[in-house]
Amino acid sequence: MSALTLLVLRLGVLLLLWLFVFAIVGVLRSDLYGTRVVARTAVADTGGRRRRRARPTARRATTEPSHLVVTSGSLAGTTLTLKPNGTLIGRNPECTLVLDDDFSSGRHARLFAEGSHWYVEDLGSTNGTFLGSQQVTGPTQVHIGSSIRVGRTVLELRK
């Protein structure tokens, strides 16, 4: 083989090795820093079509909470509408509220409604879930204004 062919082959192998190294660094980075949290925004594009008005729905009683607000932590200011079938909180992308908090577990806690009351339940997390200053050991009733601490993130139920 000519010297030029050997040089091209060597450079090709070197390029492939560097691509492999960058791929490994990318995987390690995603494992170390977790999933990236992207702000979700609603885009109002009607495309020239008329919007239909939503039917009025029955309102909840004013004593029931309807929102979960992050008051402290990396997502401070985030508001989430509560769903009666449950709100999953943790670091996994499958959770309703995905936390960017090293002290929370993948599936850390769950908020759910039973009857007209809301409950918080720890899902076997490493660092625990706290309602006020008390650690949650089983399903515990939550009232409006109560603070829930999940890792370094503090949440609050509001109307």
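Let me sum up the structure you'll find in this document.

### Some details on the sheet that holds strand β7 (residues 129-131)
In space, the six strands of this open sheet follow the order β2-β1-β11-β10-β7-β8, with antiparallel pairing throughout. This sheet does not close on itself; its edge strands, each paired only once, are β2 (79-81) and β8 (134-135). Across four bridges, strand β10 (residues 147-150) lies against strand β11 (residues 153-158) in antiparallel orientation. In the strand pairing of β11, Val150 is matched with Thr153.

### What to know about the sheet that holds strand β6 (residues 117-122)
Here five strands make up an open sheet; going across it, the order is β4-β3-β5-β6-β9 and the pairing mixed. With one partner strand each, in any of the chains shown, β4 (97-98) and β9 (140-142) form the two edges of the open sheet. Of the strand pairs in this sheet, strand β3 (residues 87-90) and strand β5 (residues 109-114) are connected by three bridges, and their pairing is antiparallel. Pairing of Ile89 across the sheet is with Ala109, part of β5.

### Section: the pairing of β10
Side-chain alternation along β10 places Ile148 and Val150 on a buried face and Ser147 and Arg149 on a face that remains uncovered. Examined bridge by bridge, β7 and β10 share three bridges and lie antiparallel to one another. Its bridge partner lying in β10, Phe130 is registered against Arg149. In this structure, the hairpin formed by β10 and β11 is closed by a connection of two residues, where Gly151 is found at a positive phi of approximately 65°.

### Looking at the pattern of salt bridges
Any two side chains of opposite charge can pair, on the condition that their charged atoms come close. Across all of its chains, the model carries three salt bridges by this definition. With its nearest N and O atoms 3.0 Å apart, the salt bridge here joins Arg110 to Glu121. Taken as a pair, Arg110 in strand β5 and Glu121 in strand β6 lie far apart in primary sequence, eleven residues in all. Put simply, Arg158 and Glu156 hold a salt bridge, and the shortest N to O gap is 2.9 Å.

### Observations regarding the pairing of β5
Here β5 pairs with β6 via six bridges, running antiparallel. Across the sheet, Leu111 pairs through a bridge with Val120, a residue of β6.

What counts, and where the lines are drawn
Each chain carries its own residue numbering, running from 1 in the written order of its sequence. The model is predicted, so local features are restricted to residues of pLDDT at least 70 and side-chain atom pairs to those at 80 or more, both for listing and for counting; the totals for chains, interfaces and linings are taken over all residues. Side-chain metrics in this entry use all non-hydrogen atoms of the structure; hydrogen atoms and water are not considered. Here the rule is simple: two strands pair whenever DSSP picks up at least two bridges between them. Runs of H or I in DSSP of at least four residues are treated as helices and runs of E of at least two as strands, each being numbered from the N terminus. Working definition: with a 1.4 Å probe on protein chains only, accessible area under 20% of the residue-type maximum means buried, over 50% means exposed, and in between means partly exposed. A pairing counts as a salt bridge when a side-chain nitrogen of Lys or Arg comes within 4 Å of a carboxyl oxygen of Asp or Glu.

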